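So the chains spell out like this:
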Amino acid sequence: MAGGGFSIDAPAIGYNGKITISVVLSCIVAASSGLIFGYDLGVSGGVTTMVPFLKKFFPEILRKAAGTEVNMYCVYDSQVLTLFTSSLYLAGLVSSLAASRVTAALGRRNTIMLGGTIFFAGGAINGGSENIAMLILGRILLGLGVGFTNQAAPLYLSEIAPPKWRGAFNTGFQFFIGVGVVAASCINYGTAKHTWGWRLSLGLAVVPAAVMTFGTFLITDTPSSLVERGNIDQARKALHKVRGSTIDVEPELEELIRLSEIAKSVEEEPFKTIFKRQYRPHLVMAFAIPFFQTLTGISIVAFYSPNIFQSVGLGHDAALLSAVILGLVNLGSILVSTAFVDRFGRRILFITGGILMFLCQIAVSVLLAVETGVHGTKHLSKGNAVLVLVLLCFYAAGFGWSWGPLTWLIPSEIFPLKIRTTGQSIAVAVQLITIFILSQTFLTMLCHFKFAAFLFYAVWIAVMTVFVIFFLPETKGIALESMYTIWGKHWFWRRFVVKGEIDQHNLP
């Protein structure tokens, strides 16, 4: 296709190899990094509804809940309570930006190990907390760990997996996030009635951290990372392990060495390089995809689903059980993405998931508006509260096959090697700062916007679905080394990238 006077018809370079035991084990260990992020997403909302936890740290919320004329949307409106949840994501923002240099210097595997160790320390402190200061300190350490692992793990998965199945392997990260959410919700449900239950829920964060950290001793770093750090022989051995001993890995290794030499020949800082015109589409995606994912509202539903379900009329136990159901639905739908992402592509999953989420958020908003009144002073019947749960389950399913796994996949696969760690760091940082802002303000927004809070997210889902339709090119089956071709063929992005990418890759 012509674009700006140039033609890019170069075939994608493919080094598919086999799905070996080594590549499966490596991807499972790296994807298990999602456990710690998912566990935190699932545990914090349930803990903040536990009476012993509130009595010890936030007694004013219990007094508010006991009021006779309480607005159902405003029971949990407390900035200190939301700081308990959101402080993790502010700390994660800091570590995700530092993770670009750390991942380049230490490698993907070692960065995952570092993140798991820090997360372990944070979980231990949270479980033994005696005051709010200890709670926040533990959350900050958890956030530092999440920032490192969320940056390194998706990169590891995209670099280690064969191009033909890269999408399926990369969805494993979101799958383990879902496992972490479900595990945390089940633990919250089981411990909610015990005075020490909140300690167990928070303290058990050390388990997924330990599993992930010890697992990294069983795997090698990615060939791209080893070449980047000058370990050519180790990279060759790693390629043989993950591609199969009978596969000729020299062409792939030579291409990795060539791209690494190109990257090292550029003396500019990666954070400067990524702002060049030819990388404009990459940068836009690094900002837009994680930003939009957060504005689906899924993180808020994950954090505060027990609070939401209790606010709309379900009992405490039923609210916690509803969070478990929501997590299981999301987990099952991630498997849909795993099965179809490399068959039908990324775009169709984004679009269908976005349409379903949009319809569900509109329906929840209308139901709450009609049944609870403009001021939220009337409570839902049990039947309508269950209907809210059903609608949010469909919403979680749409997210699970689209914006959930694909938000980690797209930024990890579109960047050239020389700015890959930088691009992933920006994507994770954007996601974490957006989650921080939304989680810090959601309960206040719910109190003031009432049912319209769900309408707010519906509008954003519509915007992001339109964005995908017009601006996101299809990336399925394309080798990372050939990803530059997709931008030159896109109706809009080709005006930015064609000449610069042709010069860089020495294409005719």
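What you see is a predicted model; the values in this text were computed from it and never measured.

Counting 60 residues, the largest nonpolar core has Met285, Phe350, Tyr395, Trp403 and Trp487 as its most contacted members. With nine residues, helix 19 (residues 382–400) is the single largest residue contributor to this core. If we skip the residues at most four places from it in the chain, phenylalanine 350 touches Ser402, Trp403, Leu406, Ile410, Val468 and Leu472. Judged by nonpolar contacts, the second largest core, of 55 residues, contains Phe37, Val47, Leu54 and Ala205.

This paragraph deals with the side chain of serine 95. Summarising the element assignment, serine 95 is placed in helix 5 (residues 79–106). Given a relative accessible area of 2%, serine 95 falls into the buried group. At 3.0 Å, the side chain of serine 95 forms a polar contact with the backbone oxygen of leucine 144. If we ignore the near neighbours within four places in the chain, the residues touching serine 95 are Gly143, Leu144, Gly147 and Phe148.

Bringing the confidence of the model for the protein into the picture now. Of all residues in the protein, 85% have pLDDT values of 70 or greater, and the mean over the chain is 82. When the elements of the protein are averaged for pLDDT, strand 2 (residues 6–7) gives the smallest value, 30, and helix 6 (residues 108–127) the largest, 94. Low pLDDT, under 50, characterises residues 1–14; the predicted model gives this stretch 25 contacts beyond four residues in sequence or across chains.

Axis separation between helix 12 (residues 232–243) and helix 13 (residues 250–265) bottoms out at 10 Å; the angle between their running directions is 135°. With respect to helix 13, the axis of helix 12 lies oblique. The chirality of how helix 12 crosses helix 13 is right-handed. Taken together, the residues of helix 13 that come into contact with helix 12 (itself represented by Ile232, Ala235, Arg236, Leu239 and Arg243) are Glu250, Glu252, Leu253, Leu256 and Ile257.

Any two side chains of opposite charge can pair if their charged atoms end up close together. Per the stated rule, a full pass over the model turns up 13 salt bridges. A salt bridge links aspartate 40 to arginine 139; the shortest N-O distance between them is 2.3 Å. One end of the pair, aspartate 40, is in helix 2 (residues 34–47); the other, arginine 139, is in helix 7 (residues 132–160), with 99 residues separating them in the sequence. Here arginine 139 falls in the buried class, since its relative accessible area comes to 0%. With a shortest N-O distance of 2.9 Å, arginine 199 and glutamate 130 are connected by a salt bridge. Of this pair, arginine 199 sits in helix 9 (residues 197–203) while glutamate 130 sits in the loop between helix 6 and helix 7, and the two are 69 residues apart along the sequence. A residue is classified by how much of its surface remains accessible, and arginine 199, at 24% relative accessible area, is partly exposed. Taken together, the salt bridges that share partners define one network made up of Arg108, Glu159, Glu228 and Arg420.

What counts, and at which threshold
Residues numbered from 1 in each chain as written. Predicted model: local features only at pLDDT ≥ 70, side-chain atom pairs only at ≥ 80, totals over all residues. Heavy atoms only, no water. Core = buried A, V, L, I, M, F, W, Y, C linked by side-chain atoms within 4.5 Å. Buried < 20%, exposed > 50% of the residue type's maximum accessible area, 1.4 Å probe, protein only. Helix = DSSP H or I, 4+ residues; strand = E, 2+ residues; numbered from the N terminus. Contact = heavy atoms within 4.5 Å. Polar contact = N/O pair within 3.5 Å; in protein donor to acceptor, adjacent residues only side chain to side chain. pLDDT = per-residue confidence, 0-100. Axes fitted to C-alpha atoms, helices over the stretch in contact; angles between N-to-C directions. Parallel < 35°, antiparallel > 145°, perpendicular 65-115°, else oblique. Left-handed = near helix turned anticlockwise from the far one by under 90°. Salt bridge = Lys/Arg side-chain N within 4 Å of Asp/Glu carboxyl O.

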